[in-house]
Amino acid sequence: MKANPKTVVLYLGMIGFIVLSFAAISSYGTTNLRAPQAIDGRYILAGPLVDRCFAEPPLLVVGQSGSYLGADIVPADAKKNLLTRALKGNGLLHGQIDGGRMRLEGKAALGTCKAPQTLALEGAVTDGLLQGEIRLAGQASSLTGQRKSE
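About the thresholds
Residues numbered from 1 in each chain as written. Predicted model: local features only at pLDDT ≥ 70, side-chain atom pairs only at ≥ 80, totals over all residues. Heavy atoms only, no water. Buried < 20%, exposed > 50% of the residue type's maximum accessible area, 1.4 Å probe, protein only. Helix = DSSP H or I, 4+ residues; strand = E, 2+ residues; numbered from the N terminus. Pairing = 2+ DSSP bridges. Core = buried A, V, L, I, M, F, W, Y, C linked by side-chain atoms within 4.5 Å. Contact = heavy atoms within 4.5 Å. Salt bridge = Lys/Arg side-chain N within 4 Å of Asp/Glu carboxyl O.

Side note on the pairing of strand E2 (residues 59-65)
- Taken across its seven residues, E2 has five buried, putting it largely inside the fold.
- Alignment of strand E1 (residues 41-46) against E2, held across four bridges, turns out to be antiparallel. What sits directly across from Arg42, in E2, is Val61.
- The pairing of E2 with strand E3 (residues 68-74) spans seven bridges and is classified as antiparallel. Within E3, the residue paired with Gln64 across the bridge is Leu69.
- The antiparallel pairing of E2 with E3 creates a hairpin that spans two residues between the two strands, and Gly66 there sits at a positive phi of about 65°.

What follows is the structure in structure tokens.
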């Protein structure tokens, strides 16, 4: 059986195209695609708006999947199911991390402030310290949070 020269050239061309395509895609991925900063975990919050709804500093529990976030603000003595719900991304607040800043929004009933209120949280985490702003029912305030070791 003799190989047809046109068929050999076709197959070699296809193999070359695949190798070049793979090299180009790999090069693009290594230079342009970066995973976002890992910020999942628990943070002890402090700030005027948060302090008025909780007797003691609450926890911001953040679950992360890539750039997508699910979070909840819970009492410091929260049961394990509340912590697990937020860490799995099923919290009451949802958002993304973009350019090192996280943005979370949702409706939540916080501590003694029983009525669900629109809540937005924006901030950045650097070396385990969250610094940002919280907006609760139209009021804005600064917010800080220290990462709690597991």
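Now that the structure has been shown, we can carry on.
Quick word on the nonpolar core
- One finds Ile39, Leu60, Ile73, Met102, Leu110, Leu130 and Ile134 to be the most contacted residues of the largest nonpolar core, which totals 26 residues.
- Listed by contribution, the elements that provide at least two residues to this core are E1, helix H2 (48-51), E2, E3, strand E4 (93-98), strand E5 (101-110), strand E6 (113-126) and strand E7 (129-136).
- Setting aside chain neighbours within four positions, we find Ile73 in contact with Leu45, Phe54, Pro58, Leu59, Leu60, Leu93, Leu110, Leu119 and Ile134.

Remarks on the pattern of salt bridges
- Tallied over the entire structure, the rule returns three salt bridges.
- Two residues, Arg103 and Glu122, come together in a salt bridge whose shortest N-O distance is 3.9 Å. One end of the pair, Arg103, is in strand E5; the other, Glu122, is in strand E6, with 19 residues separating them in the sequence.
- Note on Arg103: relative accessible area 36%, which makes it partly exposed.
- Taking the shortest distance from any N to any O, the salt bridge between Glu133 and Arg135 comes out at 2.8 Å.
- Among the charged side chains, a salt-bridge network with shared partners connects Arg101, Arg103 and Glu122.

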